[in-house]
Amino acid sequence: MTVPVVCTIDEIGSRLDADRRAGLQVGFVPTMGYLHDGHGSLMRAARAGNDVVVASIFVNPLQFAPDEDLDSYPRDLDRDIALAEANGVDVLFIPSGEEMYPDGPVLTSVSVAELSSRWEGESRPTHFTGVATVVAKLFNIIGPCRAYFGRKDFQQLTIIERMVHDLSIPVEVVGCPIIREPDGLAMSSRNIYLSPDERTAAAVLRRALDAGTAAIEAGERNPTPVTGTMAAVVGAEPLARLDYVAAVDPSTLETPNILGPRTQLLITAYVGSTRLIDNCTATIADKNRDA
Ligand code: PAF
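Just so we're clear, the structure is a prediction, and the values are computed from it rather than from any experiment. (Residues numbered from 1 in each chain as written. Predicted model: local features only at pLDDT ≥ 70, side-chain atom pairs only at ≥ 80, totals over all residues. Heavy atoms only, no water.)

**Regarding the confidence of the model for the protein**
Overall, the prediction assigns the protein a mean pLDDT of 96, with 97% of residues at 70 or greater. Considering each helix and strand of the protein separately, the mean pLDDT is smallest for helix H12 (residues 286-289), with a value of 50, and largest for strand E2 (residues 26-31), with 99. (pLDDT = per-residue confidence, 0-100. Helix = DSSP H or I, 4+ residues; strand = E, 2+ residues; numbered from the N terminus.)

**Describing the pattern of salt bridges**
On inspection of all chains with the given rule, the structure shows 15 salt bridges. For arginine 199, the salt bridge goes to aspartate 183, with nearest N and O atoms at 2.8 Å. Here arginine 199 is found in helix H9 (residues 196-201), whereas its partner aspartate 183 is found in the loop between strand E6 (171-176) and H9, with 16 residues between them in sequence. For arginine 199, a relative accessible area of 24% corresponds to the partly exposed category. Owing to a relative accessible area of 36%, aspartate 183 belongs among the partly exposed residues under this scheme. Look at the salt bridges and you will find they share partners, linking Glu120, Asp243 and Arg275 into a network. (Salt bridge = Lys/Arg side-chain N within 4 Å of Asp/Glu carboxyl O. Buried < 20%, exposed > 50% of the residue type's maximum accessible area, 1.4 Å probe, protein only.)

**Things to note about the side chain of asparagine 191**
Following the sequence through the fold, asparagine 191 ends up in the loop between E6 and H9. Judged by its relative accessible area of 12%, asparagine 191 is buried. A distance of 3.0 Å separates a polar atom in the side chain of asparagine 191 from the backbone oxygen of alanine 186. Those residues in contact with asparagine 191, other than ones at most four positions away along the chain, are Leu185, Ala186 and Leu276. (Polar contact = N/O pair within 3.5 Å; in protein donor to acceptor, adjacent residues only side chain to side chain. Contact = heavy atoms within 4.5 Å.)

**Examining the site of the ligand**
Around the ligand, the neighbouring residues are Pro30, Thr31, Met32, Asn60, Gln63, Val134, Val135, Phe149 and Gln156. Between glutamine 63 and the ligand, the recorded distance is 2.7 Å, taken from a side-chain N or O atom to an oxygen atom. Take glutamine 156: an N or O atom from its side chain is 2.7 Å from an oxygen atom of the ligand. Computed on the free molecule, the ligand has an accessible area of 290 Å², of which 89% lies beneath the protein chains in the complex. For the shell around the ligand, the secondary structure elements donating two or more residues are E2 and helix H7 (127-142). (Near = heavy atom within 4 Å. Areas by Shrake-Rupley, 256 points an atom, 1.4 Å probe, with all protein chains shown as cover.)

**What to know about the nonpolar core**
Ile12, Val54, Phe139, Ile142 and Met163 are the most contacted members of the largest nonpolar core, which has 43 residues in total. The leading source of residues in this core is H7, at 10 residues. Aside from chain neighbours lying at most four places away, what touches methionine 163 is Val110, Val112, Ala132, Val135, Ala136, Phe139 and Ile169. Grouped together as the second largest cluster of nonpolar side chains are 25 residues, Leu185, Ala202, Val204 and Ala247 included. (Core = buried A, V, L, I, M, F, W, Y, C linked by side-chain atoms within 4.5 Å.)

Structure representation (structure tokens):
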């Protein structure tokens, strides 16, 4: 049986309220569609941990700047419905723009201050307010639930966790591992934009993260040489152009003077004209910490 599709806020809200009244735990996977196995892994995690799984598909205009790819953002609804069904989704919420924003531009927005302005926020100043606003709205529509987000968008995950904490939103945010292609490229809906040569070159992001991790694991505690090593890896790939690279504290997203026991390595690069982001956690082994 095909997974049911609900398009209105009232219908999805009352359906999930009834589920909760019956004692069922709701798992929620928000997406912008053009689903791949990264989304599939979130749906499987939601399936494993909850009684009812709802996924949303909404390409949120608030998180695209005027010069970004909102109009050309890839869409394939039939494939998305099949993928959601194959990964155990019970109901899909697919609202129209009119349903979500009936009065046009919103007057109310959610902004998670400092966390939103650095890294991705420097290149995309309005992006995270758009993300936080739609996610807050989706959480209000879906109601109390566990919500699943990929760690590929690490800054997004950090911002959503902080928003939920600051505003006491009754949602448990679950961060899930990055799903990668065999050559290490993180799965992303935007990988479709890469030509075959660019697709091969795109594995450079993972190689750069590996080089940064190796430097930290070898005992480097100064962030500058770590990010320098990563930038050099990207610099050696002719089809790639570095946007930013950073070694940050995972909760504040600030660069420390000396790396702590856990460092989040962030990297963003253009491969051709496609902007790709990736990250990983690097841990200083105990034996190095006091060496
Ligand atoms: O990560 C995404 O796909 C989007 O930013 C999200 C969380 C669905 C909000 O539009």
